[in-house]
Amino acid sequence: APAHPLWPEIERVTLEQLQYARLGVEGGVWQLFAEDGEMKMYKREEEVDGLAVDPLKAVHTVKGVTGREMTHYFFSPDVRFEWETTLEQMKVLETIADDTLIILQIHKRVWPASQRDALFWSHVRRVPNDTDRDAQDIWIACNHSTEHHEAPSNEGKMVRVALTVCLVCQTSIEPPADGRPVTRDHLTCKITYCSVVNPGGWVPTSALRAVYKREYPKFLKRFTQYVKDRCDKQPILF
Ligand SMILES: O=S(=O)(CCO)c1ccc(-c2ccc(C3CCCC3)c([C@H]3C[C@H]3c3ccccn3)c2)cc1
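Rules of the game
Along every chain, residues carry numbers that run from 1 in the direction the sequence is written. Residue-level local features of this predicted model are given only where pLDDT is at least 70; pairs of side-chain atoms are given and counted only at 80 or more, and the full residue set underlies all totals for whole chains, interfaces and linings. Note: side-chain values were computed over all heavy atoms of the structure, leaving out hydrogens and water. The rule is simple: take the accessible area with a 1.4 Å probe, protein chains only, and divide by the maximum for that residue type; under 20% is buried, over 50% is exposed, in between is partly exposed. Numbering of helices and strands runs from the N terminus; a helix is a DSSP stretch of H or I covering at least four residues, while a strand is a stretch of E covering at least two. Paired strands, as defined in this entry, are two strands with at least two bridges between them according to DSSP. When we say a residue is near a molecule or strand, we mean one of its heavy atoms is within 4 Å of it. Identification of polar contacts relies on pairs of N or O atoms within 3.5 Å, with a donor-acceptor requirement for protein atoms, meaning one able to donate a hydrogen and the other able to accept it, and with residues adjacent in sequence counted only if both atoms are side-chain atoms. Areas reported as accessible are Shrake-Rupley estimates using a 1.4 Å probe. Residue values count occlusion only from the protein chains shown. Under the scheme applied, nonpolar residues are Ala, Val, Leu, Ile, Met, Phe, Trp, Tyr, Cys and Pro; charged residues are Asp, Glu, Lys and Arg; polar residues are all the others, including Gly. As a per-residue measure, pLDDT reflects the predictor's confidence and takes values from 0 up to 100.

Caption draft 1: Summary view of the pairing of strand S7 (residues 100-107). For S7, a buried count of eight out of eight residues is recorded, marking the element as mostly surrounded by other parts of the structure. Neither face of S7 is open: one carries Thr100, Ile102, Leu104 and Ile106, the other Leu101, Ile103, Gln105 and His107, and all of them are buried. Across eight bridges, strand S6 (residues 87-97) lies against S7 in antiparallel orientation. Pairing of Met90 across the sheet is with Gln105, part of S7. Two successive antiparallel strands, S6 and S7, enclose a turn made up of two residues. Inspection of the sheet shows S7 paired to strand S8 (residues 116-127) by seven bridges, in the antiparallel sense. When the bridges of S8 are listed, Thr100 appears paired with His123.

Have a look at this one:
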């Protein structure tokens, strides 16, 4: 494992997020707030210091792509502006490894909130499926707020959000009966997207919840469609 001071935290948070995502939406604590075809979005209403910090969990099933492809495009900074419509600026501050970056993002102003930025490490990893041997490996991408000397907290300029986000993907293959090669028609990717965003500064709770309700479904729908379009007619990456 790379000898970087953040590595123990990256390892711990990534595996914690994997377990958290795999809990699914049991227990009746999750409120379904948006549905679109296979995509179901749940939230829990929580406040920290009077700020709405509503954990979000979305489950979705996408045909024709693998978990490796889905998490690759989620992780890759090179394509982020192609699907992240709320992004204004992005800078890779540090490349810790080819699967681990530190990124500074400035998001567009989302009325009535003032403009915000996010500084986080971003990591993607394949996790062997420990429960089901003949299942495909699980892929996880995780973004978690961090500090960095090149992005000092803004001393009053921009509000910095704190976030922990994960995208966990499990691919299944329905093999063609007659032993023909596997094509994208035989692929199904089950996705769990989890996010906890602390807005970092005052936003009216009702307004923030309205923004979440509008932005998250749009975001996940657009992102998954982007990956399907990118992968269509391309060789499958397992
Ligand atoms: O999954 S990622 O890592 C993808 C890489 O970009 C991610 C996702 C979401 C955010 C984010 C950052 C700021 C806000 C708010 C807080 C107060 C005002 C802005 C929100 C809330 C508004 C919700 C939202 C959800 C989805 C997209 C945009 N907006 C979300 C950041 C990163």
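Caption draft 2: Inspection of the site of the ligand at higher detail. If you check the shell around the ligand, you find 20 residues, and the closest are Glu84, Gln105, Asn143, Val165 and Tyr193. Contact distances for the ligand include 2.9 Å between an oxygen atom and a side-chain N or O atom of Gln105. At 2.9 Å from an oxygen atom of the ligand is found a side-chain nitrogen or oxygen belonging to Asn143. For the ligand, whose accessible area on its own is 640 Å², the fraction buried by protein is 99%. Broken down by element, the shell around the ligand gets its largest block of residues, six residues, from helix H4 (residues 205-231). Looking at the shell around the ligand residue by residue, the classes come out as 12 nonpolar, four polar and four charged.

Caption draft 3: Examining the confidence of the model for the protein more closely. Residue-level pLDDT values for the protein average 95, and 98% of them are 70 or greater. Scoring of the predicted complex yields 0.96 for pTM and 0.96 for ipTM.

Caption draft 4: Representation of unusual backbone geometry. Look at the link from Trp111 to Pro112: it is a cis peptide, with omega at 0°. Note on placement: Pro112 falls in the loop between S7 and S8. Positive phi, close to 50°, is recorded for Asp49, a residue that is not glycine. Summarising the element assignment, Asp49 is placed in the loop between strand S3 (47-48) and strand S4 (51-52).

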